[in-house]
Amino acid sequence: MKAVFLGPPGAGKGTVAAQAKDYFKVPHISTGDLFRYNIKNETELGKQVKSILASGGLVPDSVTIAMVKERIAEPDCKDGFILDGFPRTIPQAEALEEMTELDHVLNLVISNEEVVQRLSGRRMCPSTGRIYHVLFNPPKVEGKDDETGEDLIQRDDDKEEAIKHRLEVYNAQTEPLIDFYRKKNLIRDVKTSNNMKPDEVFACVVKALS
Ligand code: AMP
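Participant: Is there a simple way to explain the overall build of the chain in this structure?
Facilitator: Each helix and strand counted, the chain has 9 helices and 7 strands in total. In terms of overall dimensions, the chain is globule-like: its C-alpha atoms have a radius of gyration of 16 Å, near the 17 Å expected for 210 residues. For the C-alpha atoms alone, the extent of the chain along its principal axes is close to 45 × 40 × 35 Å. Buried residues in the chain amount to 45% of all 210 residues. Excluding contacts between residues fewer than 6 apart, the proportion of contacts in the chain whose partners are at least 24 apart in sequence is 69%. Once the 29 positive and 34 negative side-chain charges of the chain are each reduced to a mean point, those two points are 2 Å apart.

Below, the structure written as structure tokens:
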């Protein structure tokens with residue numbers, strides 16, 4: 001299965017994709033995670049994109065496209081993949097079309113107010129990338145990862161100013177992708193809200209992609 005997961009920041013793409021990768025047995029490729037990995041390891045790419053991520057802006061298409069092209073050429077992507085956070089612009093979607101053919105584009109639908117509520121409470125384990133929420137998915141011990149016991153962090157781009165900026169960027173650059181893919185009959189809409197449990201959302205996702 002070759003799928004793209006779309007939706008505003010905080011819609012739950014990462015959480016759903018982490019479940020879907022086990023269910024559909026394909027790798028989960030998150031461009032955000034790939035960039036954060038490079039920043040953490042202080043690679044050349046990491047140094048190049050660090051301030052862009054902190055501000056909530058987009059990394060230039062050429063850099064992002066080259067990174068994804070290299071990743072999906074790896075052997076584990078032979079039978080499919082889930083792309084989470086890519087494409088985010090029309091030029092990225094056009095570049096992806098040249099690389100491969102997609103089966104589904106999942107569109108997670110959520111209101112702006114709920115996005116802000118979700119992102120501002122989001123916490124992450126810096127080494128495993130595991131995601132929590134202070135209200136909706138709290139760790140067993142406040143501020144600590146359930147497995148490693150490490151201190152959880154708040155991503156710089158989950159702070160209020162950056163959230164506002166990320167939503168503006170999403171509305172301007174990424175939302176047009178919904179039309180782009182709808183015209184190709186690839187969009188599978190799934191409504192989500194803060195009242196739904198992760199398993200309920202995932203059941204809807206499985207139905208939409210089956
Ligand atoms: P995410 O974890 O998907 O929210 O991504 C975090 C940040 O990584 C974004 O705010 C962008 O700065 C950068 N990023 C991730 N994916 C892309 C992409 N497809 N194009 C450009 N920038 C990206």
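Participant: Could you clarify how one ought to interpret the pattern of salt bridges in this entry?
Facilitator: Should their charged atoms come close, side chains of opposite charge can pair. Tallied over the full model, the rule gives 15 salt bridges. Arg 36 is paired through a salt bridge with Asp 33; the nearest N and O atoms lie 2.8 Å apart. Here Asp 33 and Arg 36 lie together in helix α2 (residues 31-40), a separation of 3 residues that amounts to about one turn. Through salt bridges that share partners, Arg 71, Glu 74 and Asp 76 make up one connected network.

Participant: Explanation requested: the nonpolar core in the structure shown.
Facilitator: Note that soluble globular proteins tend to have their nonpolar side chains buried in a common cluster. By size, the foremost hydrophobic cluster in this structure holds 22 residues, and its most contacted members are Leu 6, Ile 72, Leu 83, Leu 96, Leu 102, Val 105 and Tyr 181. For this core, the elements supplying multiple residues, two or more each, are β1 (2-6), α4 (61-72), β3 (81-84), α5 (90-99) and α8 (176-182). Among the elements that take part in this core, α8 stands out by supplying 4 residues, more than any other. Of all hydrophobic cores here, the second largest spans 21 residues; its members include Ala 11, Ile 82, Ile 163 and Leu 209.

Participant: Quick question: what am I supposed to make of the site of the ligand here?
Facilitator: By nearness alone, 16 residues border the ligand, and Thr 31, Gly 57, Gly 85, Arg 88 and Gln 92 come closest of all. Take Gly 85: an N or O atom from its main chain is 2.8 Å from a nitrogen atom of the ligand. Here an oxygen atom of the ligand sits 3.4 Å away from a polar atom, N or O, in the side chain of Arg 155. Within the complex, 96% of the 480 Å² of free accessible area of the ligand lies under protein. It is α2 that provides the largest number of residues to the shell around the ligand, a total of 4 residues. Counted by class, the shell around the ligand contains 5 nonpolar, 6 polar and 5 charged residues.

Cut-offs used in this document
Residues numbered from 1 in each chain as written. Predicted model: local features only at pLDDT ≥ 70, side-chain atom pairs only at ≥ 80, totals over all residues. Heavy atoms only, no water. Helix = DSSP H or I, 4+ residues; strand = E, 2+ residues; numbered from the N terminus. Rg over C-alpha atoms; globule rule 2.2 N^0.38 Å. Buried < 20%, exposed > 50% of the residue type's maximum accessible area, 1.4 Å probe, protein only. Contact = heavy atoms within 4.5 Å. Lys, Arg positive; Asp, Glu negative; His and termini not counted. Charge placed at Lys NZ, Arg CZ, Asp CG, Glu CD. Salt bridge = Lys/Arg side-chain N within 4 Å of Asp/Glu carboxyl O. Core = buried A, V, L, I, M, F, W, Y, C linked by side-chain atoms within 4.5 Å. Near = heavy atom within 4 Å. Polar contact = N/O pair within 3.5 Å; in protein donor to acceptor, adjacent residues only side chain to side chain. Areas by Shrake-Rupley, 256 points an atom, 1.4 Å probe, with all protein chains shown as cover. Nonpolar A, V, L, I, M, F, W, Y, C, P; charged D, E, K, R; others polar.

Nothing here speaks to function; it is geometry throughout.
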